[in-house]
Structures are given as structure tokens and as C-alpha cells.
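Residue-level listing of the chains:
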Amino acid sequence: MAIVIQKYGGSSVGTTEKIRKVAQTIISRREKGDKVVVVVSAMGDATDDLINLAKAITDNPDKRELDALLSTGEMVSSSLLAMAIKALGYDAVSYTAYQLGIKTTGNYGKSLIDDINETKIKDSLDEDKIVIVAGFQGINEDGDITTLGRGGSDTTAVAIAVKVKGICEIYTDVDGIYNVDPRLYKNAKKLDSIDYEEMLELASLGAQVMHSRSIELGQKYRIPIYVGLSNSDIKGTIIKEVNNMNMEGKPVTGVATSDDDISVTLKELAVDINILADIFDTLGSNKINIDMISQTAPFNNKVNVSFTVPKDDLNECRSILLNFIEENNISMDTDITKFSIVGIGMKSTSGVAARMFKVFKENNITVKMITTSEIRITCSIKKEDKMKAIELMAEEFNL
Ligand code: ADP
Ligand code: ASP
Ligand code: MG
């Protein structure tokens, strides 16, 4: 008898009607003989609604209190789902992070799961209960509620799968992983499987279908992650080690875009590696994720340094920078899209960047910053060029 960990995202439990439907699906799985643990997200847009409530009180809500507030979304959906299952005649129990001992470390709003005491889950399964877990939340070393970052319920599900050695299934509003976000590009194609490394890049670069840390966990503990449509038999996508270097095939597996970053330029900074090291060290220790760092050649012993940061960290980033540099030497550009092509095939194919830049040049798409890894190329482009860039890359790399 396998232990199956199923995760249902916000849109799948968006109404009480949908919660009842999910309850039936869970029960059918239970009827097949599996032990079922379910991780749920908050109903529909509940998390956004809670953020808006906090913002109606203050522009800069206290982080501890904000996490306490946001964690309530998943408490509502998990209790309702347990009620729905019980109403259908099966035994179920819902647990919060506190009740399960989901220990976290790190900052509010982006904490990391340190450990989970899986005993309670196993005991409840042994008592023939369906276990429902509130996703996205944990308890830190001070006993405070923390959240894992937007989309973090995926990570709760994979972490539980690791601890109970279960099968992990993520159910959402799309029937698998596509090579481009199907909401953006109607000709996107579904993938049967995708390698952890590729999925991790796509998720970190804007494919919000999976929380990137859930992929890191899956890769680290070698847990395959199935992604599929809620309440449906349509075959989805497996995220696993694919071990396929695309011998015949495409250098590019997928495209990811993100409008959630801004680019920051520090102008006329003295050429001094100590200053740069201090700036990045302070941003890093405040858990502000810096990406796409680039620097101009020195002129009169001064350089301009640019990088991107998540929009949500804008205020914190600005106040940290002001400790090092005058306000009028900081410029911020909000009109950027981070556009990435990703593929393990790039490891064994040369000239991919050249093809990308040639097509962009021929179509007047201006590239502002570029970063690469072994399996991806990321450019910052103007937001208005995003759709054109997707179509051009899909055509160029036969996606
Ligand atoms: P949930 O609420 O179930 O966690 P999310 O909204 O977080 O769902 O993720 C599902 C959405 O991710 C889809 O509706 C889809 O538009 C988007 N998405 C982005 N990139 C991809 C991709 N490459 N493949 C599939 N879906 C993607
Ligand atoms: N409810 C949280 C969010 O909206 C967590 C999640 O959906 O996974 O970000
Ligand atoms: Mg999600």
C-alpha cells in the first residue's frame, strides 16, 4: 500500500463546490487502496485578499504579523476539505504546521523547511484517516508562524513526500508542464517528462507552475514529482532525472518569462571590490535575491553596476542601497521582462546564444542584460517585446 501525497492548488479548492469535488477525487484514490496525505493551498485568491487587507492597514505590514495572517488561508481550506471528506463518510483529519511540527528557518515570508515530525502523519494514516495538511506554513525557532514564499505549498508537499517516503502528485489548473506557459502562448506543447535541472531553471525564472524550492527538494532526495490537472485522468508530466542529453533533439526545452523583477543600476560607483562585496553581502544577508549582475568597463575609475531584484523587495533593497550610495546615483527600471530559454541540450550544442541574439536583432528586440548558465540563457528585454520574443524563440527552436 503506497503513501500518496497529493497537493491541490488554490484554483482547485477555490469554492466550496470545488472542495467537495476534490474530496470525492481523494476518496476514489483512497478506495484504490492507497494511504492519502493531501496538502492544500488557500482557496482561490485568498492569499492575495489577505495581503490586500494588511496593505489597507499599512503600506509596510510587520512581517511576523503578515505571516500569521497569511497562514490562515490554508487553515480555512484544510479544515473545509477535512469536513467535506467526513461528510462523505470517510475519516479525515486536518493539521496546521504547528500541529505537525513543520520547523522552519530563515526570514518571514521566505522561510525554509528545516524538518517535519512525520510521526503524527503516519499515526493518523495507520488509524485509517485521510490526512490534510495546511501548505505554505511552518513554525520557526521562536515558535512563530512563518510562510514559505508565494506558491510554497508545492514545497510542503514534496517535503512531506520525502519524510514519509511517498509518491508526490501536484494537482493544479493545467494538465502538465508545457514548454511555454500555455496562458501566454496558445501553441505551447505539453511535456511527458522534464528533468529536475530544467524544471528548476524554468521555475526559478518565472514558470510559476511549480515553487522552485519544491524541485530542489525533489532533486536532492530523488523524488519524482507528477504534475497534472485536478480531478482528471489526462496524463500529466513527470519531473524526474531524465538522463537524456537530447542526442537527436532540441537544444531548448522551454521558455520562461518573468515580469516580477526590476533592474537596478548603481551609477558612478568607485572601482573598489570591497564596496561591491559589502553591498551584495548586505543584500544577501537580508535574503534579497540578486540576479543578472553586470558592470560597465571602468571610466575615470568609476563603473556602473546593474542587477535585477524581485519587485517585492524593491523598498527593502532601496533602503539598504542608501547606506552605501547617494539616492540620485541609483536608478530603477520597472519596464523589464526577464526572458529565458532553458534546455539540457545546450550542454552539448554550441551556437544557441548566437541564434537567439541573431533573431532578436533581426526583429528589433533590444536586450538590456544577459546571464547564462550551462543550460539557460536569460535576457532582460522590454515588456512590450515579450510576446514577440516567445513566438520567435518557439519558431527558431521548434518548440
Ligand atoms: P496552483 O494554484 O495550482 O498552485 P499556479 O497558478 O501556481 O497553480 O500554477 C499553475 C499555472 O502556472 C498555470 O495556470 C499556468 O498558466 C502557469 N504556468 C507557467 N508556466 C507554465 C508551464 N511551463 N507549464 C504549465 N503551466 C505554466
Ligand atoms: N496560498 C499561497 C500563495 O498563494 C501558497 C500556495 O498557493 O502554494 O502563494
Ligand atoms: Mg502554485
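The structure contained in this document is the topic of the report that follows.

Basis of the calculations
- Residues numbered from 1 in each chain as written.
- Chains lettered and ligands numbered in written order.
- Predicted model: local features only at pLDDT ≥ 70, side-chain atom pairs only at ≥ 80, totals over all residues.
- Heavy atoms only, no water.
- Buried < 20%, exposed > 50% of the residue type's maximum accessible area, 1.4 Å probe, protein only.
- Helix = DSSP H or I, 4+ residues; strand = E, 2+ residues; numbered from the N terminus.
- Pairing = 2+ DSSP bridges.
- Contact = heavy atoms within 4.5 Å.
- Polar contact = N/O pair within 3.5 Å; in protein donor to acceptor, adjacent residues only side chain to side chain.
- Near = heavy atom within 4 Å.
- Nonpolar A, V, L, I, M, F, W, Y, C, P; charged D, E, K, R; others polar.
- Areas by Shrake-Rupley, 256 points an atom, 1.4 Å probe, with all protein chains shown as cover.

### Observations regarding the pairing of strand β20 (residues 376-382)
Two faces, one strand: in a regular strand the side chains alternate between the faces of the sheet. Counting buried positions along β20 gives 6 out of 7 residues, so the element sits mostly inside the fold. The pairing of strand β18 (residues 336-342) with β20 spans 7 bridges and is antiparallel. Across the sheet, the residue bridging to I341 is I377, located in β20. Alignment of strand β19 (residues 369-373) against β20, held across 5 bridges, turns out to be antiparallel. Bridge pairing in β20 links I370 to C379. As consecutive antiparallel partners, β19 and β20 are separated by 2 residues.

### Some words on the environment of T265
Here T265 lies in strand β14 (residues 261-270). Taking the C-alpha atoms as reference points, T265 and T253, 12 residues apart in sequence, are found 32 Å from one another. Residues in contact with T265, not counting those within four places in the same chain, are N304, V305, S306, N329, I330 and S331. Separated by 3.0 Å, the side chains of T265 and S306 make a polar contact.

### So, the site of ligand 1
Around ligand 1, 17 residues are found, and the nearest of them are T172, D173, Y178, D181 and R183. Within the side chain of D173, one N or O atom sits 2.8 Å away from an oxygen atom of ligand 1. Between ligand 1 and Q208 there is a distance of 3.1 Å, counted from an oxygen atom to a side-chain nitrogen or oxygen. For the shell around ligand 1, the residue count by class is 7 nonpolar, 6 polar and 4 charged.

### A few points about the side chain of S380
Tracing the sequence through the fold places S380 in strand β20. Look at S380 and you get buried, because its relative accessible area is 1%. For S380, the residues in contact, after removing those within four places along its chain, are M292, I336, T337, T366, V367, K368 and M369.

### Some remarks on the site of ligand 2
Every residue close to ligand 2 is listed here: S41, A42, T47, E74, F136, R150, G151, G152 and S153. One of the side-chain N or O atoms of T47 is found 2.8 Å from a nitrogen atom in ligand 2. Interatomic distance of 2.7 Å between a side-chain N/O atom of R150 and an oxygen atom of ligand 2. About the coverage of ligand 2: the protein hides 87% of its 260 Å² of free accessible area. Looking at the shell around ligand 2 residue by residue, the class counts come to 2 nonpolar, 5 polar and 2 charged.

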